[in-house]
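Architecture at a glance
This is what each chain is made of:
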Amino acid sequence: MIPYRTGAARRGIEQALVAAGKDLDGLRAEDLALLEDYHTGGRLATVQLADLIGITETSAVLDAGAGIGGTARYVASSFGCAVTAVDLSDEYCEIAAWLNRLVGLDDRIDVRQADVTALPYDDSKFDVVFSQHVQMNVADKRRLYHEARRVLRVGGRLALWDITAGDGRELDYPMPWADGVEHSHLAAPDELRKVLETAGLAVEHWADLTETIAPLMQTIQSLPPAPLGLQAFVPDFRMRLENLTAALTDGRVRAIQAVARRNT
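Let me begin by describing the structure that accompanies this report.

Parameters at a glance
- Residues numbered from 1 in each chain as written.
- Predicted model: local features only at pLDDT ≥ 70, side-chain atom pairs only at ≥ 80, totals over all residues.
- Heavy atoms only, no water.
- Buried < 20%, exposed > 50% of the residue type's maximum accessible area, 1.4 Å probe, protein only.
- Helix = DSSP H or I, 4+ residues; strand = E, 2+ residues; numbered from the N terminus.
- Pairing = 2+ DSSP bridges.
- Right-handed = clockwise from strand over helix to strand, strands pointing away.
- Salt bridge = Lys/Arg side-chain N within 4 Å of Asp/Glu carboxyl O.
- Phe/Tyr/Trp six-rings, centres within 6.5 Å; stacked < 30°, edge-to-face > 60°.

1. A word on the pairing of strand 2 (residues 82-87)
- Among the six residues of strand 2, five are classified as buried, and the element is accordingly described as predominantly covered.
- Bridge analysis of strand 1 (residues 60-64) against strand 2 gives five bridges, and the strand direction is parallel. Among the inter-strand pairings, Leu62 is bridged to a residue of strand 2, identified as Thr84.
- The parallel pair strand 1 and strand 2, bridged by helix 3 (residues 70-79), forms a crossover whose chirality is right-handed.
- Examined bridge by bridge, strand 2 and strand 3 (residues 109-113) share five bridges and lie parallel to one another. Its bridge partner lying in strand 3, Ala85 is registered against Val111.

This is the structure we're talking about:
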């Protein structure tokens, strides 16, 4: 079972916010930073990726595979632009919309349940598509990136932050994206890049950040759990974090940051 529907996530997040001393009636977007970025590197990775693509207040942004909406809220609050957020999990979409209301961003972010391989949007609708830690659960990567290209305007860019296969050795589960191998669809870095290019996206930036991110994840793993963190809604979070950190450290997975443009 992919750990994206538990039935208890909203309750866990609400309890964590209260335990951290947050006032739900006066919540700010930045109050959520420690628990809403369910990907390697957390908010730091989101900020770095957003800075690469030059978002402005007039940009039309799609967060494809938005989870509980952390990237969407960061972009909307930081750049003042309209953001569309889609996720396959109805529970995550409900939580994202709830959190958007709590921080006063519901007028700027449109949340919709959707499959990233069959996006319910017209061609050439967005200037930017974020895809962070999504393709690991998607077997048909060709469809995933063809859809991203289709909804991008000419000149628009896909912002990618993902885990890929490493040296071929088996992983220990659960991982953040899967309880077992049947739900994990990792591609090697060169395979992933080829799929992007085959989909009609020109890679402008490609960086293997494994050697940078692995020590950061080791540091995060060594810290005692804080009241406000991903463990509020992710089952077995500490074990998932430990398994991912070990795989990044010993080379079984790689961490790839990329930007790819639709030129035609």
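2. Focus on the pattern of salt bridges
- All chains considered together, the criterion is met by 19 salt bridges.
- Across the pair Asp123 and Arg150 runs a salt bridge whose closest N-O atoms are separated by 2.8 Å. You can see Asp123 sitting in the loop between strand 3 and strand 4 (126-132) and its partner Arg150 sitting in helix 5 (residues 141-151), a full 27 residues away along the chain.
- The class for Arg150 is partly exposed, based on a relative accessible area of 21%.
- Residue Asp250 is joined to Arg169 by a salt bridge in which the shortest nitrogen-to-oxygen separation is 3.6 Å. Taken as a pair, Asp250 in helix 8 (residues 237-250) and Arg169 in the loop between strand 5 (152-165) and helix 6 (189-198) lie far apart in primary sequence, 81 residues in all.
- Its relative accessible area of 33% is what places Asp250 among the partly exposed residues.
- It is possible to trace a salt-bridge network through shared partners that takes in Asp167, Arg169, Asp172, Asp250 and Arg252.

3. Comments concerning the packing of aromatic side chains
- The final tally for this structure, using the stated rule, is four aromatic pairs.
- Between Tyr38 and Phe233 the ring centres are 6.1 Å apart and the planes differ by 75 degrees, which places this aromatic pair in the edge-to-face class. You can see Tyr38 sitting in the loop between helix 1 (9-19) and helix 2 (42-52) and its partner Phe233 sitting in the loop between helix 7 (210-222) and helix 8, a full 195 residues away along the chain. Accessibility classification places Tyr38 together with Phe233 in one group, the buried group.
- Between Tyr92 and Phe233 the ring centres are 5.9 Å apart and the planes differ by 80 degrees, which places this aromatic pair in the edge-to-face class. Within this pair, whereas Tyr92 is found in helix 4 (residues 90-102), its partner Phe233 is found in the loop between helix 7 and helix 8, the two being separated by 141 residues in sequence. Side by side, Tyr92 and Phe233 carry an identical accessibility label, which is buried.
- Put simply, the rings of Tyr38, Tyr92 and Phe233 pair up and form one aromatic cluster.

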